[in-house]
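In case you want the letters, here they are:
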Amino acid sequence: MKLGIVGLPNVGKSTLFNAITNAGAQSANYPFCTIDPNVGVVSVPDSRLDMLCKMYTVGDKVPPIVPAVIEFVDIAGLVKGASKGEGLGNKFLGNIREVDAIVHVVRCFENDDIIHVEGSIDPIRDIETIDLELIFSDMEMVERRIAKVTKDLKGDKSLQSELDFLKELYSVLESGKSARTIDTTEETQAMMDVMNLLTSKPIIYAANMSESDFAGGNSDGNPYFKKVEELAKNEGAEVLPICAQLEADIADMDEEEKLMFLSELGLENSGLDRLIKKSYSLLGLISYLTAGEKEVRAWTIRDGLKAPQAAGKIHSDFERGFIRAQVIAYSDLEECGSMANARGKGLVRTEGKEYVMKDGDIVEFLFNV
């Protein structure tokens, strides 16, 4: 999974990226300090892996843990006119096309020492600024597609339905709405996916607040946050209250110190943990697990995937030669304490090709190629 972190200059975007990836992207009080996209790969926290590791440790032989990962891309800030090449323009738009979802950092804090590129704090205006640039870029993309389909229609009348949909989509974009707001069927969604539109990507608004607002549990009292929350609700998007500076403060702490610090602030999880959880939910992702003396590992798949396709995430041969899967729910194995006890209680199931994977399934695939 690849998430693109975007936002206007000086909203806390690179500070947040640095904190959650420790990748060291430059953070400075002026536009375009992030010239190239900085990439950080982050392990997905999963306490289930720790338990499985202990279960399969024999003597001093501890199996390595391989967690699922998320790739974060810190994409250079943009300004009005980016779709026409202003600022870093087309470079920004090209980088964002490659991500699965967008984390849009929105400034919801006052600070006279940090200059806002527009001269004042207005999160809705800031969101609209970026949205419009993405919409303009998508309109150009749809226009080109309309021209191509119109030309091809002369030799293939079956393309009429696609042309009709493209014209409807263009009309929606022209009205200032994102592509994600249009109702699609499976067929029309496939037509839209071909174009990889920027405004069709799922989005999480990260409302970046001051430490006093966020740590004190007063996010509902922050008028800027309430506005972002309402906009996200109307769009069907996710919203995440966060304090980038706080995340930066805890980034270098060890796990025990971090948990103690968060607890003092009345928080159970870091911003990274909450962001990952929302990302999984937004993209419809779950994790299944494989475990043994050689390795304990988490595999990220789309919710609703069947066993053979899930096996294919490990290796294409597993899917091609799939026979069956031995499956146990994590909670059952945890309660039993060992795979032997679980088998003795009949909790390890044999599942076939139609089995739909569940989050936390611990699986051994049997295949023959």
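Residues numbered from 1 in each chain as written. Predicted model: local features only at pLDDT ≥ 70, side-chain atom pairs only at ≥ 80, totals over all residues. Heavy atoms only, no water.

A look at the sheet that holds strand β4 (residues 69-74)
The sheet built from six strands is open, its strands ordered β2-β4-β1-β5-β6-β7 with mixed pairing. Edge strands, defined here as strands with exactly one partner in the open sheet, are β2 (38-43) and β7 (238-242). Taking each pair of neighbouring strands and ignoring which way they run, the sheet shows an average axis angle of 25 degrees. Against the sheet, helix α11 (residues 271-283) contacts β1 (2-6), β2, β4, β5 (101-107), β6 (203-208) and β7, and its axis sits at roughly 180 degrees relative to β7. (Pairing = 2+ DSSP bridges. Helix = DSSP H or I, 4+ residues; strand = E, 2+ residues; numbered from the N terminus. Axes fitted to C-alpha atoms, helices over the stretch in contact; angles between N-to-C directions. Contact = heavy atoms within 4.5 Å.)

Describing the pattern of salt bridges
Applying the stated criterion across every chain, the model contains 16 salt bridges. Measuring nitrogen to oxygen at the nearest pair gives 3.7 Å for the salt bridge that ties E235 to R180. Here E235 is found in helix α8 (residues 223-235), whereas its partner R180 is found in the loop between α5 (160-174) and α6 (186-195), with 55 residues between them in sequence. Using a relative accessible area of 22% as the deciding quantity, one classes E235 as partly exposed. In this structure R180 comes out as partly exposed when scored by relative accessible area, which is 22%. The salt bridge partner of R297 is E295, with a shortest N-O separation of 3.7 Å. Look at E295 and you get partly exposed, because its relative accessible area is 29%. (Salt bridge = Lys/Arg side-chain N within 4 Å of Asp/Glu carboxyl O. Buried < 20%, exposed > 50% of the residue type's maximum accessible area, 1.4 Å probe, protein only.)

A look at the confidence of the model for the protein
Per-residue confidence for the protein gives a mean pLDDT of 86, with 88% of residues at or over 70. In the model, residues 25-35 has pLDDT below 50 throughout and makes 31 contacts with residues more than four positions away in sequence or in other chains. (pLDDT = per-residue confidence, 0-100.)

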